[in-house]
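# Summary of the model geometry
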Amino acid sequence: MGKTIAEKIFATHLVDEPFAGTHVLKLDVVLCHEITTPIAIADLMARGKDRVFDTTRIKAVIDHVTPSKDTKTATQAKILRDWARRHAIKDFFDVGHNGVCHALFPEKGFIRPGYTVIMGDSHTCTHGAFGAFAAGVGTTDLEVGILKGVCAFREPKTIRFNLHGTLPKGVYAKDVILFLIGQVGVNGATDRVMEFRGPVVEAMTMESRMTLCNMAIEAGGTSGICMPDQVTVDYLWPFIQNDYPSMDAALAEFRKWWSDDDAVYDKVLDFDLSTLEPIVTHGYKPDQVKTITEMAGTPVDQVYLGSCTNGRLEDLRIAAGILKGKTIAPTVRAILSPATPKIYQEALHEGLIDIFMEAGFCVTNPTCGACLGMSNGVLAEGEVCASTTNRNFMGRMGKGGMVHLMSPATSAATAIEGKMADPRKYL
Amino acid sequence: MKTFGGSVLFLDRSDINTDEIIPAKYLTEITKEDLKPYILEDLKLPGFDPKGAKTREARVIVSRANFGCGSSREHAPWVFEVNDITAVVAESFARIFRQNMFNCGMAAIELPKEKIDRLFSYAGYPDSTMAVDVAGQTVTVRGGGKEETVSFEVSPFDKALVLAGGWVDYADKKY
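Residues numbered from 1 in each chain as written. Chains lettered and ligands numbered in written order. Predicted model: local features only at pLDDT ≥ 70, side-chain atom pairs only at ≥ 80, totals over all residues.

## Some details on the overall build of chain B
For the record, the criterion: Here a helix means four or more residues in a row that DSSP labels H or I, a strand means two or more in a row labelled E, and each is numbered from the N terminus. Values of the radius of gyration come from C-alpha atoms, whereas the globule rule sets the reference at 2.2 Å times the count of residues to the power 0.38. Counting other C-beta atoms within 10 Å of a residue's own tells you its class, since 20 or more makes it buried, 12 or fewer makes it exposed, and anything in between is partly exposed; those C-beta atoms are placed from the backbone. Residue pairs are scored as contacts if the distance between their C-beta atoms, which are placed from the backbone, is within 7 Å.
Across its full length, chain B holds seven helices and seven strands. Starting at the N terminus and walking to the C terminus, you meet the elements of chain B as β-α-α-β-α-β-α-β-α-β-β-β-α-α. For 175 residues, the compact-globule estimate of 2.2 N^0.38 gives 16 Å, and chain B sits close to it at 15 Å. For chain B, the spread of C-alpha atoms along the three principal axes comes to 45 × 35 × 25 Å. Within chain B, the proportion of its 175 residues that are buried is 51%. Taking the contacts inside chain B whose residues are at least 6 apart along the sequence as the reference set, 65% of them involve residues at least 24 apart.

In structure tokens:
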């Protein structure tokens, strides 16, 4: 009987099976940020166990509220910073070098096919785009990960999503994942790995695959996962060129992780996406979705472009392509947060930042900030935001505020009109 | 090992998320105790008052499907813990929330819909209480002069975490 990619990763990382169905895995990378790590650090210190399992396998960033906005957030940043220095954690990213974790860490080449990855952040599933098993965990799992380099998981039951066809113009990875969440529901993939397959995924860039995997958790999924292919090799090559004699050799190694043809799935779902339309959420759960045709005309107060879902260069290029030579509606305010300093700088060099600023966007530094209502674009009660982020829970971006999730293209068209708008007419 | 049981808080809705349990703006608190006043602050349910006596007195929560969905924040189990709520009984849980509960030595108990419906039939009694026996795998609900006991399934690993007092103690001994 064949294995899925997740089963192969579990089999090669198994440390212990204390009970049937419980797999304690060795971790390749433990990622940390300043919101969920400080309490783990404090607990380790209180227990007299202020140690880390491997300084090279722990990566840390200050990203949720940065630069710090007040004493409390400055204290959180300081706890993480002091800890990283104390343990000589080389890959620690502070102000000036920091960006949204799920954009920054892949950009640094830290995530490789076949890896096990945890972070105290639910959107860690993003890293499955590289053919890794990547799961969000709580602070206690993170703490044990930091100390021992292990984490426990249930059987990696997998739902395979075969995505057939070719995406129409104006339809992107964000529309695909919103559509899929709408199909399976917010707990449709709980305790399941979401394996994305088919020509639609094969045609996607790594950035699009990250967008796709990023929202697996919004269907309850443990990890999103894509097969590591030539696109993956091309992306990672600058970081792995000394490890393999050639790109073909790297590809052959990566190919070994692919799910076997006779692998057994919990479920296999097929979708033809050739006629998919841009998708927007309408309620307070990510599975409440409609087409832009149904939602067009809904007024918004704010447009937010950024986050671990859609703050990458590809997203900025798509939005700028729509905004070029246009201005945003006078009734709306628009905020761009490029997800990392590198993305910000490349957007500057390409002239994208000029386009955004001339259109009337406020450009902020890379941070998670507004996505979870912590800084840089919090909503007032009753306000509505068109957002490229991943969660539309009531009050998510500010108490009493409403969030509509959408693609960067749809958000750009919406900024121009001040109400939800179909991006296809601007392409 | 923690004790489980006492007054019950019935939250009759599916998909109660971690932002409703503890809004993100309070994630800047450094100690668990500081989270205490903000329990369920953004949860809007008919008749529910996050600052009310029912919430204050609660030791167990009973809810519906996909409880604790959303963020990985362990602040959600912690805000329950510092308010002396050590068990949540629901039709299903989001994975991370469920594991966070057991990792803290607390109980996230899943019961099929029919049994959850039975428990909810006690929601109208102001004196309803519940005892959760993790070792024996039973939940006993009392109210309005009635009482009934239902059994539940729990993974042996999660049960071991409760008995060990949480994942750090368990893992530290073993790995």
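Moving on from the model shown.
## Observations concerning the domain arrangement of chain A
All names here are of chain A. The cut-off we apply is this: Source of the domain bounds: an automatic or database domain assignment. Residues are grouped as follows: Ala, Val, Leu, Ile, Met, Phe, Trp, Tyr, Cys and Pro are nonpolar; Asp, Glu, Lys and Arg are charged; every other residue, Gly included, is polar.
Along its sequence, chain A is organised into domain 1 (5-154), domain 2 (158-272) and domain 3 (279-426). A C-alpha centroid distance of 22 Å is found between domain 1 and domain 2. Of all the elements in the fold, those that place two or more residues in the side of domain 1 that touches domain 2 are α1 (5-13), α4 (101-107) and β7 (133-136). With four residues, the single largest contributor to the side of domain 1 that touches domain 2 is β7. Split by residue class, the side of domain 1 that touches domain 2 holds 10 nonpolar, nine polar and three charged.

## What to know about the pairing of strand β7 (residues 146-151) of chain B
Residue and element names in this part refer to chain B. Which entries qualify depends on this criterion: Here, strands pair whenever DSSP counts at least two bridges between them.
Summarising burial for β7: zero of the six residues are buried, a small minority. Relative to β7, strand β6 (residues 138-143) is paired through six bridges, and the arrangement is antiparallel. Looking at β7, one finds that V139 is bridged to V150. Hairpin connection from β6 to β7: two residues lie between these consecutive antiparallel strands, with G144 at a positive phi of about 55°.

## Some words on the interface of chain A and chain B
Each partner contributes to the interface: chain A provides 42 residues, whereas chain B provides 34 residues. In the side of chain A that touches chain B, the residues fall into 14 nonpolar, 18 polar and 10 charged.

## Some remarks on the nonpolar core
Generally speaking, soluble globular proteins have nonpolar side chains that are buried together. To keep it simple, the criterion reads: Each nonpolar core reported here comprises buried Ala, Val, Leu, Ile, Met, Phe, Trp, Tyr and Cys residues connected via C-beta atoms within 7 Å.
One finds V60, V89 and A107 of chain B to be the most contacted residues of the largest nonpolar core, which totals 200 residues. The contacts of V60 of chain B, once residues within four sequence positions are left out, are F4, G5, G6, V8, I85, A87, V89, M130 and V132 of chain B.

## Considerations on the environment of A263 of chain A
All names here are of chain A. Mapped onto the fold, A263 is located in the loop between α10 (247-255) and β12 (267-272). Sequence separation of A263 and K399 is 136 residues, and the distance between their C-alpha atoms is 46 Å. A263 has contacts with G2, K3 and T4, leaving out every residue within four places of it along the chain.

## Looking at the sheet that holds β6 of chain B
Residues and elements named next belong to chain B. The condition is simple: Axes here refer to lines fitted to C-alpha atoms; in helices the fit is confined to the stretch in contact. Angles between the N-to-C directions go from 0 to 180 degrees.
Ordered by their spatial adjacency, seven strands build an open sheet running β4-β3-β2-β1-β5-β6-β7, and the pairing between neighbours is mixed. At either end of the open sheet lies a strand with only one pairing partner, and these are β4 (107-110) and β7. Averaged over all adjacent pairs, the angle separating strand axes in this sheet is 30°, with direction ignored. One ladder, built from four bridges, connects strand β3 (residues 87-90) with β4; its direction is parallel. Bridge pairing links A87 to A107 in β4. Sitting on the sheet, helix α5 (residues 113-120) touches β1 (5-11), β2 (58-63), β3, β6 and β7, and the angle it makes with β7 is about 160°.

## What to know about unusual backbone geometry
For the peptide bond that leads from T66 of chain A to P67 of chain A, omega is -10°, which places it in the cis range. The topology assignment puts P67 of chain A in the loop between β4 (58-61) and α3 (71-86). A positive phi angle is found at A88 of chain A, which is not glycine, with a value near 55°. Among the secondary structure elements, A88 of chain A is positioned in the loop between α3 and β5 (92-93). When the 10 C-beta atoms within 10 Å are taken as the criterion, A88 of chain A is described as exposed. For Q137 of chain B, which is not a glycine, the phi torsion comes out positive at approximately 60°. Turning to its location among the elements, Q137 of chain B is positioned in the loop between β5 (129-133) and β6.

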